Amino acid sequence: MTQNRHDPFSARALLPGAGEPIAYYRLAALEEAGLGQISRLPFSIKILLEALLRQVDGFAVTEEDVRRLAAWDAANPAPMELPFKPARVVMQDFTGVPAVVDLAAMRSAMARAGGDPTRVNPLIPVDLVIDHSVLVDDFGSKNALFYNAEREFERNRERYEFLKWGQNAFANFRVVPPATGIVHQVNLEYLASVVRVGRGQGSGVRGQDGEIVAFPDTLVGTDSHTTMINGLGVLGWGVGGIEAEAVMLGQPIYMLTPQVIGFRLTGALPEGATATDLVLTVTQMLRARGVVDKFVEFFGPGVGKLSLPDRATIANMAPEYGATMGFFPVDDETLRYLRLSGRSEALVDLVEHYSKAQGLFRTDDTPDPVFTDVLALNMATVVPSLAGPKRPQDRVALAGGVQASFRKAFPDHASRITHHASRNPQAGPADLEHGAVVIASITSCTNTSNPSVMVAAGLLAKRAAGRGLAAKPWVKTSLAPGSKVVTRYLDAAGLTPHLEQVGFYTVGYGCTTCIGNSGPLPEEVSSAIQAQDLVVSAVISGNRNFEGRVHPLVKANYLASPPLVVAYALAGTVDIDLTQEPLGVDGAGQPVYLRDLWPSQEEIQAAIAASLQPEMFQQAYGDVFTGNPMWNAVAVPQDAAYRFDPASTYIQEPPYFADLTPEPAPRGDIVGARALAVLGDSVTTDHISPAGSIAAKSPAGRYLLERSVPEIDFNQYGTRRGNHEVMMRGTFANIRIRNKLVPGVEGGYTVYLGAGIGESANSESADHATRSTQHVSIYDAAVQYQAAGIPTIILAGKEYGTGSSRDWAAKGPFLQGVKAVIAESFERIHRSNLVGMGILPLVFLPGQNAESLGLTGFETFDIVGISESANGESANGRMAPKQRYTVRATDAQGNVKEFQVQSRIDTPVEVEYYRNGGILQTVLRQMMKA
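Residues numbered from 1 in each chain as written. Predicted model: local features only at pLDDT ≥ 70, side-chain atom pairs only at ≥ 80, totals over all residues. Heavy atoms only, no water.

### Examining the side chain of Ser541
Then step 1. Looking at the element boundaries, Ser541 is found in the loop between strand 20 (537–540) and strand 21 (556–559).
Then step 2. Taking the relative accessible area as the measure of exposure, Ser541 reaches 0% and is therefore buried.
Then step 3. Within the structure, the side chain of Ser541 is placed 2.8 Å from the backbone oxygen of Thr443, a separation counted as a polar contact. (Helix = DSSP H or I, 4+ residues; strand = E, 2+ residues; numbered from the N terminus. Buried < 20%, exposed > 50% of the residue type's maximum accessible area, 1.4 Å probe, protein only. Polar contact = N/O pair within 3.5 Å; in protein donor to acceptor, adjacent residues only side chain to side chain.)

### Quick word on helix 17 (residues 451–466)
Then step 1. A rise of 1.5 Å per residue sets the reference length of helix 17, with its 16 residues, at 22 Å; its end C-alpha atoms lie 22 Å apart and thus fit the reference within 8%.
Then step 2. Most of helix 17 sits out of view: 13 of its 16 residues are buried.
Then step 3. One or two steps after helix 17, the chain reaches Gly468, where phi turns positive at roughly 85 degrees. (Expected span 1.5 Å × (residues − 1).)

### Examining the nonpolar core
As a rule of thumb, nonpolar side chains are buried together in soluble globular proteins.
Then step 1. The biggest cluster of nonpolar side chains holds 309 residues, and the ones touching the most others in it are Tyr321 and Tyr800.
Then step 2. Here the element with the most residues in this core is helix 4 (residues 93–112); it accounts for 11 residues. (Core = buried A, V, L, I, M, F, W, Y, C linked by side-chain atoms within 4.5 Å.)

### So, the sheet that holds strand 34 (residues 896–903)
Then step 1. The seven strands lie next to each other as 24-27-28-29-34-33-30, forming a closed barrel whose pairing is mixed. Each adjacent strand pair in this sheet contributes to an overall mean axis angle of 35 degrees, direction not counted.
Then step 2. By the bridge criterion, four bridges tie strand 28 (residues 818–823) to strand 29 (residues 840–844) in an arrangement that is parallel. Along strand 29, the bridge assignment pairs Val821 with Pro841.
Then step 3. Along the sheet, helix 29 (residues 778–787) contacts strand 24 (670–678) and strand 27 (792–795); its crossing angle with strand 24, the most-contacted strand, is approximately 170 degrees. (Pairing = 2+ DSSP bridges. Axes fitted to C-alpha atoms, helices over the stretch in contact; angles between N-to-C directions. Contact = heavy atoms within 4.5 Å.)

### Things to note about the sheet that holds strand 15 (residues 373–378)
Then step 1. Strand order in this open sheet of four strands is 14-13-12-15, and the pairing throughout is parallel. Two strands bound the open sheet, and with one partner strand each, they are strand 14 (325–327) and strand 15. Geometrically, the sheet is characterised by an average inter-axis angle of 25 degrees between neighbouring strands, direction not taken into account.
Then step 2. In this structure, strand 13 (residues 295–299) lies alongside strand 14, joined through three bridges in parallel fashion. Across the sheet, Glu297 pairs through a bridge with Phe327, a residue of strand 14.
Then step 3. Packing of helix 8 (residues 275–289) onto the sheet brings it into contact with strand 12 (260–266), strand 13 and strand 15, and relative to strand 15 it is tilted by some 150 degrees.

### A few points about the packing of aromatic side chains
Then step 1. Under the defined criterion, the tally for this structure stands at 21 aromatic pairs.
Then step 2. Pairing Phe170 with Phe173 gives two aromatic rings, centres 6.3 Å apart and planes at 85 degrees, and the pair type is edge-to-face. Side by side, Phe170 and Phe173 carry an identical accessibility label, which is buried.
Then step 3. Between Tyr800 and Phe826, the ring centres sit 6.0 Å apart and the planes meet at 85 degrees, which makes this aromatic pair edge-to-face. Taken together, the residues span a long stretch of sequence, with Tyr800 in the loop between strand 27 and helix 30 (808–815) and Phe826 in the loop between strand 28 and helix 31 (828–836) at a distance of 26 residues.
Then step 4. Here a set of aromatic residues connected by ring pairs shows up, and it is made of Phe162, Trp165, Phe170, Phe173, Tyr642 and Phe644.
Then step 5. Stacked on the ring of Tyr509, the Lys or Arg Lys484 has its end atom at 5.9 Å from the ring centre.
Then step 6. Above the face of the Tyr650 ring, Arg720 is positioned so that its terminal group lies 3.8 Å from the ring centre. (Phe/Tyr/Trp six-rings, centres within 6.5 Å; stacked < 30°, edge-to-face > 60°. Lys NZ or Arg CZ within 6 Å of the ring centre and 35° of its normal.)

### Regarding the state of the cysteines
Then step 1. Within this structure, the stated rule accounts for zero disulfides.
Then step 2. Between Cys445, a cysteine without a disulfide, and Cys511, which holds the nearest cysteine sulfur, the sulfur-to-sulfur distance is 5.7 Å.
Then step 3. Summary of cysteine pairing: Cys514 is not part of a disulfide, and the nearest cysteine sulfur, belonging to Cys511, is at 5.0 Å.
Then step 4. For Cys514, a relative accessible area of 1% puts it in the buried group. (Disulfide = S-S within 2.5 Å.)

### Some thoughts on the packing of helix 4 against helix 5 (residues 144–169)
When two helices pack together, their arrangement is given by the angle between the helix axes and by the axis-to-axis distance.
Then step 1. Taken N-terminus to C-terminus, the directions of helix 4 and helix 5 make an angle of 60 degrees; their axes are 10 Å apart at the nearest point. Here helix 5 runs oblique to helix 4, going by the angle between their axes. As for how helix 4 packs across helix 5, the hand of that crossing is left-handed. Residues Asp93, Phe94, Val97, Val100, Val101, Ala104 and Arg107 of helix 4 pack against Arg159, Phe162, Leu163, Trp165 and Ala169 of helix 5.
Then step 2. For the contact of helix 4 with helix 5, the class distribution of residues is nine nonpolar, no polar and three charged. (Parallel < 35°, antiparallel > 145°, perpendicular 65-115°, else oblique. Left-handed = near helix turned anticlockwise from the far one by under 90°. Nonpolar A, V, L, I, M, F, W, Y, C, P; charged D, E, K, R; others polar.)

Take a look at the structure:
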């Protein structure tokens with residue numbers, strides 16, 4: 001071994017067995033030096049440690065960082081700050097467009113300051129996959145795929161021109177065109193390499209001059225389900241777009257040393273159970289355990305019984321069980337999948353040699369790592385399940401559980417169900433009842449990446465078609481494969497025609513219904529729902545079923561495996577026990593039960609073996625960047641700085657950097673604040689920043705109508721994220737959000753409370769009992785507060801910001817003037833996003849919440865102890881992570897409630913971000929000084 005200034009632990013060595021000289025940084029060298037029992041660390045911690053060891057530079061990553069992580073104490077990990085510099089970034093277009101807008105705005109700011117705009121440039125590889133923009137406008141025919149693709153381009157051409165400009169303007173930035181597949185499946189099948197090689201600092205590696213260095217493939221992604229790649233043994237998780245932009249610009253992610261929860265799997269799935277049933281069981285168990293901000297790592301003899309797509313299914317839903325990620329180490333199954341998915345033999349050889357040399361390869365004989373805590377599941381106990389009707393962690397058994405959960409959630413409506421429609425072969429949309437399934441969609445990366453459940457759906461459809469069954473006429477059916485490989489193997493297995501016979505035609509290659517891109521319901525269906533005030537349902541093979549997400553008229557939403565999606569489409573209702581009651585009757589008048597249609601595991605595996613070939617992956621990805629003619633035809637300017645069009649309703653320059661000074665102004669206490677909203681538990685980023693349709697009467701809808709955009713061309717909130725004017729108007733605009741300031745009201749409403757105590761006589765009264773109680777949109781109230789110079793805060797309950805890694809759930813409140821959020825707890829990504837936008841995340845002390853403290857939300861709030869002098873000193877000394885601050889809540893009569901809250905600014909670097917007003921302001925100031 002040779003030591004150099006970037007190798008203080010003499011860890012650099014040549015990789016044994018490699019065909020050419022390749023260096024790597026040996027983790028074993030740390031154990032040999034007595035720094036810790038590295039061989040018994042969880043695999044995920046080993047990969048973090050390798051990144052530190054390889055990237056020691058004495059500045060961003062120090063020798064002490066390596067020493068402290070090498071000594072990781074499973075039982076009580078030291079709350080130390082880790083600088084993590086991943087190898088690459090992935091994005092999808094909903095989160096990617098605003099990220100590229102921010103980079104373009106930084107270039108404009110740099111140019112205005114007299115600097116070189118091209119200095120704002122990704123320093124590590126970035127891949128953006130356009131997958132979130134296709135809507136299910138058409139369905140139920142072979143023309144649906146082509147029609148939806150054409151409409152997608154018509155609606156989004158301006159966004160696509162902008163992204164193509166970014167592809168040309170920025171180095172290290174690639175765009176995978178529309179109609180390729182879902183970002184996480186494309187990542188799994190093509191982008192990920194498990195082990196990477198690089199040369200020099202530009203690749204994020206530190207070897208001797210010009211040498212090739214091997215290192216683990218690591219990443220962050222601007223989508224919470226980035227964790228799906230953990231199934232391939234790749235370390236990565238979702239972050240907000242704001243944090244991802246900082247990583248792209250060379251900043252480390254600073255995180256506290258995680259706890260690692262081991263999840264021991266034994267046994268094997270029984271006949272009739274799927275990987276979807278397994279992941280819903282795992283999700284329920286881990287949510288109950290509580291794993292927010294923790295790593296989960298799977299181990300035990302059961303791991304070897306899972307195919308890699310099964311592992312990816314479990315890893316995908318880490319956000320639903322609350323973990324930072326759900327990791328599966330590299331093993332023989334990983335190598336098998338790499339070969340199956342058409343990767344080169346040279347890559348497979350590199351992955352095997354590197355992983356084994358580095359102690360990152362799992363076998364059945366590998367000693368179990370030492371974990372912070374361990375959960376266990378015998379997979380033989382898993383039963384067919386769904387989750388719903390409102391949260392992914394609410395698993396219900398297929399046998400009786402779905403029907404019971406629906407009736408419990410909607411008791412006033414369930415008592416009026418007659419089952420006339422679902423059991424009458426002649427019934428149509430006009431005969432709809434409560435519990436009717438109006439959307440049945442095979443969609444989302446969770447399941448469409450998994451051949452076992454996709455083939456199972458096809459085999460079930462084949463048998464159903466053979467008995468003369470089809471989806472009920474009121475069900476909007478759709479199939480959105482995660483990649484074109486899925487279509488290829490379904491075609492090869494002869495299953496596509498049968499899926500189409502029962503109603504499941506391919507509608508697009510992207511993330512459709514799961515993110516609210518379900519498109520409109522047929523007019524006769526939507527009219528019946530509204531006329532009768534029906535509670536109807538969606539059954540989707542997705543990972544999210546939060547209120548208002550799938551479709552505004554659908555209140556009950558269930559997650560299910562693809563074959564169960566087909567089954568519920570045939571039944572037409574969720575108010576049924578499919579294990580006991582028939583799905584329908586055949587041509588001979590005989591009842592058809594689910595058990596008559598369900599394929600065996602042997603049948604499923606035989607069909608996969610006969611149809612899925614490596615050549616399918618090679619064909620699908622052979623021209624992945626150039627294979628879409630509509631994308632190729634998009635022409636864009638070649639300017640280094642983007643020319644923002646003031647008339648555009650899709651792309652606008654955000655105001656974050658408009659008045660950026662070389663030094664930030666000192667932060668002050670938050671004084672005289674009003675509550676913009678008082679929210680309950682499990683408020684999701686969908687509640688805060690919707691992704692679905694834009695209502696004409698909403699503030700965002702009014703904005704578009706005022707700019708002569710017809711309602712048919714509104715598109716959706718997700719596609720408008722490049723325009724802050726739309727998004728700030730859409731913040732807190734979800735139709736299902738409930739603000740306790742306006743009890744009994746659903747939707748984004750509040751009351752404007754004025755300035756409160758100390759107002760002049762001619763101002764609004766401070767007493768909310770005498771002020772106007774007229775409900776206004778949260779956006780309109782925010783505008784009034786900002787015009788009056790009144791800061792605002794949000795009060796919330798547990799798990800605030802759960803769900804998608806949506807940066808607009810922080811950007812929107814920032815633009816609305818929100819200065820702080822006081823909650824009982826935060827989801828990991830959203831907390832980080834708030835800090836990244838300069839919003840102060842605070843938590844009540846244990847055992848306290850707004851209700852226990854007697855807060856109504858009508859008080860005036862002071863948050864004191866934040867103020868700093870120009871030299872960065874605060875009243876409590878220099879601002880530090882996790883400080884306590886005092887809140888004084890003054891009611892209309894002048895009574896004061898005083899209580900303590902704790903800051904969730906968790907690291908010293910986050911303190912700097914908050915001081916600067918956000919991550920991007922911090923980075924841009926650094927660039928301007930350099």
